[in-house]
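A structural walkthrough
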Amino acid sequence: MVQDQLNLDSRLETLCQSFIGNNLKTGNFGSLVTVFLEKTSELLSLSDQESNMHVWQTFNALFIIRTLVKYINETGSEFQLLQHFEALPSAELVQAAVELQQQTPAESATIAIEATEQAAAAAASAPVFVDGAKFETFIDALVNLIVVIPVKEFTYHLHLEAVNMLITLLSVHLFAQQPTEKSIVFRTVFKCQHANVLMSALLHFVARMVEVPHTMFGSSSAGSIVFGIAESLLSIFTFRKQQDVLKASNAVGGELSQQFRTHYPLANQSLLLILILTNHCTAQENAYRASLFGCADSKDSPKQGTVSFQIDFSAVYETLCRIVTIDQATLLLYLLLHRNERFYRFVMQQQDLEQLVIPILQTLYNAPDSNSHHIYMSLIVLLILSEDEGFNKNVHTIMLKNITWYTERSISEISLGGILILIVIRTIQYNMLKMRDKYLHTNCLAALANMSGHFRALHPYVAQRLVSLFETLARKHTRLDAQLKEPADSAVFVNVVTTAEDMLQDLSVLEEVLRMVLEILNSCLTNQLVYCPNLVYTLLYKRSVFEGFRSHHAFQDVVQNIDMVVGFFSSRLQRVQEQRGELGVNEVLEVISKGASQWSSDRLRKFPDLKFKYVEEDAPEEFFIPYVWTLVCKYGCVHFSSESIKTVTTDIAC
């Protein structure tokens, strides 16, 4: 796919170089823009029957303009790009054109050659005044094309080309080293008066997920040589593969991204453009960002003046459920959940939350195949969801059967809350081994902490993994503490790069994590003990793992509560054993259940409720902008020359 675009770029490079080299004198680029503006204006007033040819002509003009803009961005500067938009034919060429109409064919050819040579010689010394007026008109025409013309089979590729054009213009960010607030392209796009209707159109394109048509301009193109040429480009623009079908159930991550780009390029490119528009210029007023965060469900009747636009939230939700395992969809979901309160409330009311949550859990489960940014954003989405008490209760009432993608252990039935806990614990352990990211630990534990007061009917394996998490961390703490207590000249430090200061820092972080795990266990015992017999059973079985922390100043207050629970049920089991003899697992659980009905949490020391809220880091654009442009380069339909890119991108391979 990428190779096909590289081949196209290679074939067009000489033509682009020649065209742009002469354009400041010929003004052909500006003339092409004028043709596009005229065709767009005509197209807006025509019926479907009349507009087919105009759609094709408008598409052709726009495709050539985008190809040239991309070339200028990659080889020149933003100022040169704007110069080419405003350049007019030179006086010599205008005079030559007049004379051409008055001469014989032979004389015409001679005059044309002489005029071209004179124009080329004078090109370098003829500055072009740039006022940006034509460029602004061009942007307005693009927006009108996207928002006014309905998406139909014969207009699909025109809409796609218009969205690609905006992405290509904004890609000036990749090739320039100046801040976007100084960019004329960005200033023009971001002062557009139609932010609401553009954002509405783009989000509708995403939500509807219209599949790319089999033909480029509808059935009426049959038999037309001109249309046939246009359709031959279809394999380069959209790379359609007939045998591929987008199925979120059996395609995740990179595979799903490729299918989404192949079969739903308009939705894919619209999604990427939404991310570009909403993540740039966040430090100032951003009408696109405000528009996305202010949209409302079309089924509601909100007060006038408080809504940017309306859209069917059900369609947005269903689409996100289908594609949330791809980076750009996770990022859009994050923006909507974090900043659009109406959409957040809508999601919390859904009865099929597993359709959204399970794909996110699959992304985390397949962490080795995902990039760190995607893992991080998926966890933040879970954290934001866990801020709602209704969510934390509901996930334990949704039962799942035969989770085939979870291969650590065969589980015939488990609650959504149970599998969520398992995956978050697994992510913590993966992070300890591979990534060692403190913030990732923090977000994992915060999500578990938010949920802990509502843990119910935990599967035995889930209870085991919770206590095993503490056990694993406890062993690591013991080892690290022992190493720090060794003499400075001990063999422990021989050939070891890690310094004592590093180890002290690691120990401090580890103690924070251990403390949080203990508080999560304590929160569950305080609020839900009667509903979690399997957790009590596991604590009784693994009581020895807490021994080394009873006297530790950082843990003793929380461990005291756990000891009190363990002691209460241990004494009851002992009395029953004295009467009946050795007890089986089911008998032990029966004793625990009966004891739980007589247990009072008032015996335990009170701690504040565990409630964490996600707060975006300062200067979020430092994280999001490189991430977004990396996704554009990796998953977009427009290929940008990596050799020319000057802006720092993320570590995701493009």
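Residues numbered from 1 in each chain as written. Predicted model: local features only at pLDDT ≥ 70, side-chain atom pairs only at ≥ 80, totals over all residues. Heavy atoms only, no water.

Moving on, we come to the overall build of the protein chain. Summing up its helical and strand segments, the protein chain has 30 helices and 4 strands in all. Per-residue burial over the protein chain gives 54% buried out of 654 residues. In the protein chain, of all internal contacts separated by at least 6 residues, the share reaching a separation of at least 24 is 74%. On the protein chain, roughly 29700 Å² of surface is accessible, and the fraction owed to carbon and sulfur atoms is 51%. (Helix = DSSP H or I, 4+ residues; strand = E, 2+ residues; numbered from the N terminus. Buried < 20%, exposed > 50% of the residue type's maximum accessible area, 1.4 Å probe, protein only. Contact = heavy atoms within 4.5 Å. Areas by Shrake-Rupley, 256 points an atom, 1.4 Å probe, with all protein chains shown as cover.)

With that out of the way, let us pick up the packing of aromatic side chains. For the structure shown, the criterion picks out 26 aromatic pairs. Put simply, the rings of Tyr334, Tyr376, Tyr614, Phe623, Phe624 and Tyr627 pair up and form one aromatic cluster. A cation over an aromatic ring shows up here: Arg426 above the ring of Tyr365, its NZ or CZ 4.0 Å from the ring centre. Lying over the aromatic face of Tyr531, Arg456 brings its terminal NZ or CZ to 3.5 Å of the ring centre. (Phe/Tyr/Trp six-rings, centres within 6.5 Å; stacked < 30°, edge-to-face > 60°. Lys NZ or Arg CZ within 6 Å of the ring centre and 35° of its normal.)

One pass over the full model with this rule turns up 18 salt bridges. Ionic pairing is found between Glu341 and Arg345, a salt bridge with its closest N-O pair at 3.1 Å. With Glu341 and Arg345 both in helix 19 (residues 341-348) and 4 residues apart, this pair spans about one turn of that helix. Of the residues examined, Arg345 reaches a relative accessible area of 42% and is grouped as partly exposed. With its nearest N and O atoms 3.7 Å apart, the salt bridge here joins Glu471 to Arg475. Highlighted residues: Glu471 and Arg475, both in helix 25 (residues 460-485), separated by 4 residues, approximately one helical turn. (Salt bridge = Lys/Arg side-chain N within 4 Å of Asp/Glu carboxyl O.)

Residue-level pLDDT values for the protein chain average 85, and 83% of them are 70 or greater. Considering only residues more than four positions removed or in separate chains, one finds that residues 106-126, a stretch of pLDDT under 50, has 18 contacts. This stretch, residues 220-229, has a pLDDT under 50; its non-local contacts, to residues over four places away or in other chains, come to 8 contacts. (pLDDT = per-residue confidence, 0-100.)

Turning next to helix 27 (residues 533-541). Restricting attention to buried positions, one finds in helix 27 the residues Asn534, Leu535, Val536, Thr538, Leu539 and Leu540. On its buried face, helix 27 is in contact with helix 25, helix 26 (500-528), helix 28 (556-580) and helix 29 (585-598).

Between helix 21 (residues 372-386) and helix 24 (residues 438-452), whose axes approach to 9 Å, the crossing angle comes to 25°. Taken together, the axes of helix 21 and helix 24 are roughly parallel relative to one another. In the packing of helix 21 onto helix 24, the handedness of the crossing is left-handed. Contacts from Ile375, Tyr376, Leu379, Ile380, Leu383 and Ser386 of helix 21 reach helix 24 at Tyr439, Leu440, Asn443, Cys444, Ala446, Ala447, Asn450 and Met451. Here the contact of helix 21 with helix 24 is built from residues that sort into 11 nonpolar, 3 polar and no charged. (Axes fitted to C-alpha atoms, helices over the stretch in contact; angles between N-to-C directions. Parallel < 35°, antiparallel > 145°, perpendicular 65-115°, else oblique. Left-handed = near helix turned anticlockwise from the far one by under 90°. Nonpolar A, V, L, I, M, F, W, Y, C, P; charged D, E, K, R; others polar.)

Now for the packing of helix 4 (residues 78-86) against helix 7 (residues 133-148). Running from N to C, helix 4 and helix 7 cross one another at 85°; their axes reach a closest spacing of 8 Å. Classified by the angle their axes make, helix 4 and helix 7 are roughly perpendicular. Across the interface between the two elements, Leu82, Phe85 and Glu86 of helix 4 pack against Ala133, Lys134, Phe135 and Phe138 of helix 7. Tallied by class, the residues present in the contact of helix 4 with helix 7 amount to 5 nonpolar, no polar and 2 charged.

At Cys281, a position not held by glycine, the phi torsion is positive, near 55°. If you trace the backbone, Cys281 turns up in the loop between helix 15 (265-279) and helix 16 (287-293). We note that Ala457 has phi near 45°; this positive angle belongs to a residue other than glycine. Mapped onto the secondary structure, Ala457 falls in the loop between helix 24 and helix 25. For Ala457, a relative accessible area of 57% gives the class exposed.

A few words on the environment of Thr472. By the element assignment, Thr472 lies in helix 25. Measuring from C-alpha to C-alpha, the distance between Thr472 and Gln429 comes to 8.9 Å, with 43 residues separating the pair along the chain. Here Thr472 is in contact with Gln429 and Met432, once residues within four sequence places are set aside.

Before going further, it helps to examine the environment of Gly548. Turning to its location among the elements, Gly548 is positioned in the loop between helix 27 and helix 28. Judged by its relative accessible area of 58%, Gly548 falls in the exposed class. Here the alpha-carbon distance between Gly548 and Thr478, two residues 70 residues apart in the chain, equals 8.6 Å.

Bringing helix 7 into the picture now. Residues spaced three or four apart along an α-helix point in a common direction, a consequence of the helix completing one turn every 3.6 residues. For helix 7, spanning 16 residues, the distance from its first C-alpha to its last is 22 Å, which sits close to the expected 22 Å at 1.5 Å a residue. Three or more residues of helix 7 are buried, namely Lys134, Phe135, Phe138, Ile139, Ala141, Leu142, Val143, Leu145 and Ile146. (Expected span 1.5 Å × (residues − 1).)

This part takes up the environment of Leu400. With respect to the element layout, Leu400 can be found in strand 3 (residues 399-401). On the basis of relative accessible area, Leu400 is assigned to the buried category, the value being 9%. Sequence separation of Leu400 and Glu354 is 46 residues, and the distance between their C-alpha atoms is 8.7 Å. In contact with Leu400, other than residues within four places in its own chain, are Glu354, Ile358, Ser412, Glu413, Ile414, Ser415, Leu416 and Ile419.

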